[in-house]
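# Geometric and topological summary
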Amino acid sequence: MSTLAVEGLQVAYGDLVALDGVGLDLRAGDFLAVTGPSGAGKTTLLWALAGAQAATAGSIIFDGEAVCDRTGAAAAGVVVVPQGNGLAAILTAAENVSIPLAASGVAAAELPARVDAALEVVGLEESGSHLVEELSGGQQQRVALARAFAARARVLLADEPTSDLDASNRNRVIAALRAEADRGAIVVMTTHDPDAAAECDGELALDEGIATWVRPLHRPGKHVAAE
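## Quick word on the nonpolar core
Among the nonpolar cores identified, the biggest contains 39 residues, and Phe 31, Leu 156, Leu 177 and Met 189 are the most heavily contacted of them. Considering each element in turn, this core owes the most residues, seven residues, to helix H5 (residues 137–151). In this structure Phe 31 touches Ile 174, Leu 177, Arg 178, Ala 181, Val 187, Met 189, Glu 199, Cys 200, Asp 201, Gly 202 and Leu 217, once residues within four positions along its chain are discounted. Of all hydrophobic cores here, the second largest spans 31 residues; its members include Leu 9, Leu 45, Ala 48 and Val 80.

Right, dumping it as structure tokens:
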């Protein structure tokens, strides 16, 4: 069972402290919402967990190994859905999902089924041949999520994944993220949407880099979020 342990995490940009002493103990199947105002440190936390943002102090340990850089974290199965979606506009939706899979070593014979299944999960099974630049902002957001679902992440970090979605598609995406947790992934989602946060197992609030529990994760022995 995968574990993600964070202890005394601090990230600073010069004199600006973005995260200050954050601690977490996450396990396979956890679905955590991270909330707070803009500039509170939510995205910084995700990128630190992903190995893309160096910590000033503290540690991040995934399955007994320190998370030191993005390359190592990605190889270990830590997948990020960035707020800006990170898609290649000149590729189709299906190509944006399939190319990272191929690069990770998924067999060519397996690719079509993985891609089709992921696009269906987000309600875009009819849009695979469309160029990303032909899709709406909400559709692009769902393609980015499909790419993450197809990867079968061990840790899935989603930055505001429902921000551009209507209520129906928001519910679809939350259900898909829940399914990822049920599959055994650790899922962490930042959000400004209280309805989306309410669907998660717990809610961690950040304010000026300080973390506090709004709702602790529903699992016995769960550690507090901040020391």
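## Let's talk about the sheet that holds strand E1 (residues 3–13)
Here we have four strands laid out as an open sheet, ordered E2-E1-E4-E5, and antiparallel in their pairing. Each edge of the open sheet carries a strand with a single partner, namely strand E2 (16–27) and strand E5 (65–66). With five bridges joining them, E1 and strand E4 (residues 57–62) adopt antiparallel strand pairing. Note that in E4 the partner of Ala 5 across the bridge is Ile 61. Contacting E1, E2 and E4, helix H1 (residues 42–49) runs over the sheet at an angle of about 125° to E1.

## Focus: the pattern of salt bridges
Side chains that differ in charge, positive against negative, can pair when their charged atoms come close. Considering all chains together, one arrives at eight salt bridges under this definition. We note a salt bridge from Asp 63 to Arg 154, for which the minimum N-O separation is 2.0 Å. Taken as a pair, Asp 63 in the loop between E4 and E5 and Arg 154 in the loop between H5 and strand E7 (155–159) lie far apart in primary sequence, 91 residues in all. The class for Asp 63 is partly exposed, based on a relative accessible area of 29%. Across the salt bridge formed by Asp 193 and Arg 170, the nearest N and O atoms sit 3.3 Å from each other. With Asp 193 in the loop between strand E8 (186–190) and helix H7 (194–198) and Arg 170 in helix H6 (residues 167–183), this residue pair connects regions lying 23 residues apart in the sequence. Overall, the relative accessible area of 18% leaves Asp 193 in the buried class. Among the ionic contacts, a cluster of salt bridges with common partners joins Glu 110, Arg 114 and Arg 152.

## Some points on H5
With 15 residues, H5 extends 22 Å between its outermost C-alpha atoms, agreeing within 8% with the 21 Å of an ideal straight helix rising 1.5 Å per residue. Within H5, twelve of the 15 residues are buried, leaving the element largely enclosed by the surrounding structure. Every buried residue of H5 is listed here: Gly 138, Gln 140, Gln 141, Arg 142, Val 143, Ala 144, Leu 145, Ala 146, Arg 147, Ala 148, Phe 149 and Ala 150. Contacts made by the buried residues of H5 are with strand E6 (78–81), helix H3 (93–103), helix H4 (111–121), E7 and H6. Count one or two residues on from H5 and you reach Arg 152, which has phi positive near 55°.

## Section: the sheet that holds E6
Spatial strand order, E6-E7-E8-E3-E9-E10: six strands in an open sheet with mixed pairing. Two strands lie at the open edges of the sheet, namely E6 and strand E10 (210–215), each paired on one side alone. Averaged over all pairs of adjacent strands, the angle between strand axes in this sheet comes to 20°, irrespective of strand direction. As judged from the four bridges shared by E6 and E7, these two strands associate in the parallel manner. For Val 78, the partnering residue across the bridge sits in E7 and is Val 155. Contacting strand E3 (31–35), E6, E7, E8 and strand E9 (202–207), H1 runs over the sheet at an angle of about 155° to E7. Where H6 meets the sheet, its contacts fall on E3, E7 and E8, and the angle it forms with E8 comes to roughly 150°.

Definitions and cut-offs
Residues numbered from 1 in each chain as written. Predicted model: local features only at pLDDT ≥ 70, side-chain atom pairs only at ≥ 80, totals over all residues. Heavy atoms only, no water. Core = buried A, V, L, I, M, F, W, Y, C linked by side-chain atoms within 4.5 Å. Buried < 20%, exposed > 50% of the residue type's maximum accessible area, 1.4 Å probe, protein only. Helix = DSSP H or I, 4+ residues; strand = E, 2+ residues; numbered from the N terminus. Contact = heavy atoms within 4.5 Å. Pairing = 2+ DSSP bridges. Axes fitted to C-alpha atoms, helices over the stretch in contact; angles between N-to-C directions. Salt bridge = Lys/Arg side-chain N within 4 Å of Asp/Glu carboxyl O. Expected span 1.5 Å × (residues − 1).

Geometry only, nothing functional implied.
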